Amino acid sequence: MIKTYDEYLNSVGEIGYIDSIVHSIAYVTGLPGARTREVVVAQGGQIGIVQALLPGYVEVLMLSTAGLKNETPIARTGESFKIAVSKEILGRVVNPFGAPIDGAGPIGGEKEFRSIDEPAPALHTRARIDQPLETGVQVVDLLVPLGYGQRELVIGDRKTGKSIFLLQTVVAQASKGVVCIYVSIGKRQSDIKSVEEYLKSWSGAFSNCTIVAASSSDPASMIYLAPFAGFSIAEYFRDRGKNVLIIFDDLTNHAKFYRELSLLSKRTPGRSSYPGDIFNLHASMLERAGQIKTERGKVSITALPVAESLEGDITGYIQTNLMSITDGHIFFDPEKFREGARPAINHALSVSRVGNQTKSPLEKELAQRIREALARYEKDKEIARFGVDLPESTKAEIDTGEKIELVLNQDTETLVPATLSLMLMGLLLGDFWKGKRVEQVKVDLIKITQKYQQGKLASLHDSITQITKVDDLIKQMKVYSDKITQVLYE
Amino acid sequence: MIEAKIERVVASYLLTQEDKIIFAENIKTLENEVFRKSSASVETETASLDPAFYEFLEKLKEDGLFPLTAGEQLSLLKEIEAYLNSLTLVRLTLAFKPRRDFLVKLVSFFNQNGARKVVLDIYSRAEIVAGVVLEYQGNYRDYSIAHDLDNLSTEEGFMAGLLNQAK
């Protein structure tokens, strides 16, 4: 807001009066020329957004209702809702209005006012998703790969590791210079603080991130706006040639707050009492993501919305809506979580519709082999439950499956680059750990990761990048196995 | 539809939003009383009415426009009620509290120059200095001196000119 109430009143020349207020919804008489999504301002400076035009009334979503009462005058602004964005918003925690809430003072820099309702990029500006996006989480990078510009739903029960996976992805991408926007929707203040602390614990990562936070204590109208504001910030950086990763944690919460507002404004409730336009709301918002062609090359906004499921049920209304809107989903299985898998991703029930096209032939072949090995392992485990004597081949399949799961398990503090991931899988398929106990393999995995990070396996890194077939990878790793053993125990 | 003669009488008594509210309340009171005592007519139930509305009823009787039977009287009151609801509200902010005769002039000006019959909702705010702030169906126009002065002060060179004149 640049002008005052009086200035808007005189420049637009339209006035309305609050007839009634129901929570955040104000019904205003007057304002004959009001348009939906237009910002209005009350005499006390309170801001609202026109939600609907009803016979005789304008329905306004007030972002603050403090001091509002019947007959409070309201003026039109003739503008849509805009937030001020500058480059210095990176490394900050802001509310959906773009105002800092981290206590680190005002945000400086040359500000640009951006509408929160920008239209999605046109069809002819869009480019095919062809660049792989590394999350640093092996099971995703190998089996459910993502690409820049993709919209991938992250779905799962509470406390199954969704947020930590997203934070790992943010760290992996932020450290590569990708701008990351984390939109926290209706979470507790403590959750927002822990996200901030996690990102700050990785050196340099937070300086490429912005947290847009609307906590559960904020008004429903503010929570409703949070993802739109997040997208505006993302588009600001995209338009400056930066790849952006945006995370919405979570959209089921957003849908609930939108339902609350819709029920208050007496819209006809539909399935599960959600309003009829909930699909459109999320679809049109996520449509703003994608890879686009610009004069400076391709730039993208990758969106990772989160959906919370209940007891592993992914057939809920909002969950299935989001599945059909996005280009795939990563399912965090509570059953896998109970079994001790970290991250608890069920790769068999996860889908990436466009991620595979970003992968090299080697990665595609390797993913296929791993999937087959894991499928055999699951089948063999069923047979092994009966306690029958198993043939050697079945025992070997179970052993391989267990070790694949072991390699795919990783803690929250470790990010595995794609080359290291290929190296580990090459070693595993090349029987590097054949006959070794699980504990020994675990120790080896930690050591290899450490040595890789220290740069002691740099020569291997270079040779792996030139390989195009899994058999060649296995051969290569067999050649290097002595050297790896040497590096491990030096 | 209300008769033109009756409309003229109503219009002469009805100038402001306050008058409209008084009329509407008194009509309701009368209707309720007549309904409660089913045999009573409007004529016998005028004791609890506002003096202005009573005067209006007397004027109607004087002009022979008030029916004799209770049924007809009630239907006339309903017609007047519908007429009240059809009036358009114009909100005026003035720098002073206007007298009744000034209000009569204002209402007749609006009624002659506008397509619809109006009632005025009058507010007084000394800060506007003089002139009027007009609000009609959500449209806002500030024709006050305070607004003009404010615009003048933002014009380039205004302050310098003012200072030069003072010298």
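Residues numbered from 1 in each chain as written. Chains lettered and ligands numbered in written order. Predicted model: local features only at pLDDT ≥ 70, side-chain atom pairs only at ≥ 80, totals over all residues.

**Details of the overall build of chain A**
Basically, it comes down to this: A run of DSSP states H or I qualifies as a helix once it reaches four residues; a run of E qualifies as a strand once it reaches two. Both are numbered from the N-terminal end. Two things to know: the radius of gyration comes from C-alpha atoms, and the globule rule equals 2.2 Å times the number of residues to the power 0.38. Buried means a residue has 20 or more other C-beta atoms within 10 Å of its own C-beta, exposed means 12 or fewer, and partly exposed covers the counts in between; C-beta atoms are placed from the backbone. We call two residues in contact when the distance between their C-beta atoms, placed using the backbone, is within 7 Å.
Secondary structure summary: chain A contains 15 helices and 19 strands in total. Taken over C-alpha atoms, the radius of gyration comes to 26 Å for chain A, in line with the 23 Å a tight globule of 490 residues would show. Principal-axis analysis of the C-alpha atoms places the extent of chain A at approximately 85 × 50 × 40 Å. Counting all 490 residues of chain A, 48% fall into the buried class. Taking contacts inside chain A between residues at least 6 apart in sequence as the whole, the part at least 24 apart equals 71%.

**Comments concerning the overall build of chain B**
A tally of helices and strands in chain B yields seven helices and four strands. What you see in chain B, going N to C, is helices and strands ordered as α-α-α-α-β-α-β-β-β-α-α. Projecting the C-alpha coordinates of chain B onto the three principal axes gives extents of approximately 80 × 30 × 25 Å. The 167 residues of chain B split such that 17% are buried. For chain B, the proportion of contacts with a sequence separation of at least 24, taken over those separated by at least 6, is 65%.

**Digging into the environment of aspartate 191 of chain A**
All names here are of chain A. Mapped onto the elements, aspartate 191 comes out in helix 4 (residues 189–201). Its 16 C-beta neighbours within 10 Å are what place aspartate 191 among the partly exposed residues. Spatially, the C-alpha atoms of aspartate 191 and serine 215 are 9.0 Å apart, while their sequence positions differ by 24 residues.

**Observations concerning the interface of chain A and chain B**
Filter applied, for reference: Charged residues are taken to be Asp, Glu, Lys and Arg, nonpolar residues to be Ala, Val, Leu, Ile, Met, Phe, Trp, Tyr, Cys and Pro, and polar residues to be all remaining types, Gly included.
Taken together, the nine residues of chain A in the interface contact seven residues of chain B. Of all the secondary structure elements, the ones that give two or more residues to the side of chain A that touches chain B are helix 1 (5–12) and strand 1 (15–22) of chain A. Broken down by class, the residue content of the side of chain A that touches chain B amounts to four nonpolar, four polar and one charged.

**Some details on the sheet that holds strand 3 (residues 131–136) of chain B**
All names here are of chain B. Threshold: A pair of strands is considered paired only if DSSP assigns at least 2 bridges between the two. Inter-axis angles, ranging from 0 to 180 degrees, are taken between N-to-C directions of lines fitted to C-alpha atoms, where helices are fitted over the stretch in contact.
As summarised here, the arrangement of the four strands in space is 2-1-3-4, forming an open sheet in which the pairing is mixed. Both edges of this open sheet fall to strand 2 (118–124) and strand 4 (139–144), since each of them pairs with a single strand only. Neighbour to neighbour, the strand axes of the sheet diverge by 20 degrees on average, direction disregarded. As paired elements, strand 3 and strand 4 share six bridges and run antiparallel to each other. Looking at strand 4, one finds that glycine 131 is bridged to serine 144. Sheet strands touched by helix 5 (residues 100–113): strand 1 (88–94) and strand 2. Its angle to strand 2, the strand with the most contacts, is close to 135 degrees.

**Here we look at the sheet that holds strand 6 (residues 73–80) of chain A**
All names here are of chain A. Read around the closed barrel, six strands run 1-2-5-4-3-6, paired in antiparallel fashion. On average, each strand axis in the sheet is inclined to that of its neighbour by 45 degrees, with strand direction left out of account. As defined by bridge partners, strand 1 adjoins strand 6 across three bridges and the pair is classed as antiparallel. Residue pairing in the sheet places tyrosine 17 in a bridge with proline 73 of strand 6.

**Regarding the domain arrangement of chain A**
Residues and elements named next belong to chain A. Stated precisely, the cut-off is as follows: Reported domain spans reflect what an automatic or database domain assignment gives.
What the domain assignment lists for chain A is domain 1 (5–79), domain 2 (84–359) and domain 3 (362–488). The straight-line distance from the C-alpha centre of domain 1 to that of domain 2 is 31 Å. If you look at the interface, domain 1 gives 11 residues, while domain 2 gives eight residues. For the side of domain 1 that touches domain 2, the secondary-structure elements that each account for two or more residues are strand 4 (47–54) and strand 5 (57–62). With three residues, the top contributor of residues to the side of domain 1 that touches domain 2 is strand 5. Partitioned by chemical class, the residues of the side of domain 1 that touches domain 2 number six nonpolar, three polar and two charged.

**Focus on the domain arrangement of chain B**
One frequent convention defines the size of an interface as the accessible area lost when the parts assemble. Residue and element names in this part refer to chain B. Under the domain assignment used here, chain B contains domain 1 (4–86) and domain 2 (88–154). Between the C-alpha centres of domain 1 and domain 2 the distance comes to 29 Å. When grouped by side-chain class, the residues that make up the side of domain 1 that touches domain 2 number two nonpolar, two polar and one charged.

**Re the pairing of strand 4 of chain A**
Residues and elements named next belong to chain A. Strand direction decides the pairing type here: strand 3 (residues 38–42) and strand 4, joined by three bridges, are antiparallel. The residue of strand 4 that forms the bridge with valine 40 is glycine 48. Hairpin connection of strand 3 to strand 4: four residues between the antiparallel strands, including glycine 45 at a positive phi of 95 degrees. Pairing between strand 4 and strand 5: six bridges, direction antiparallel.

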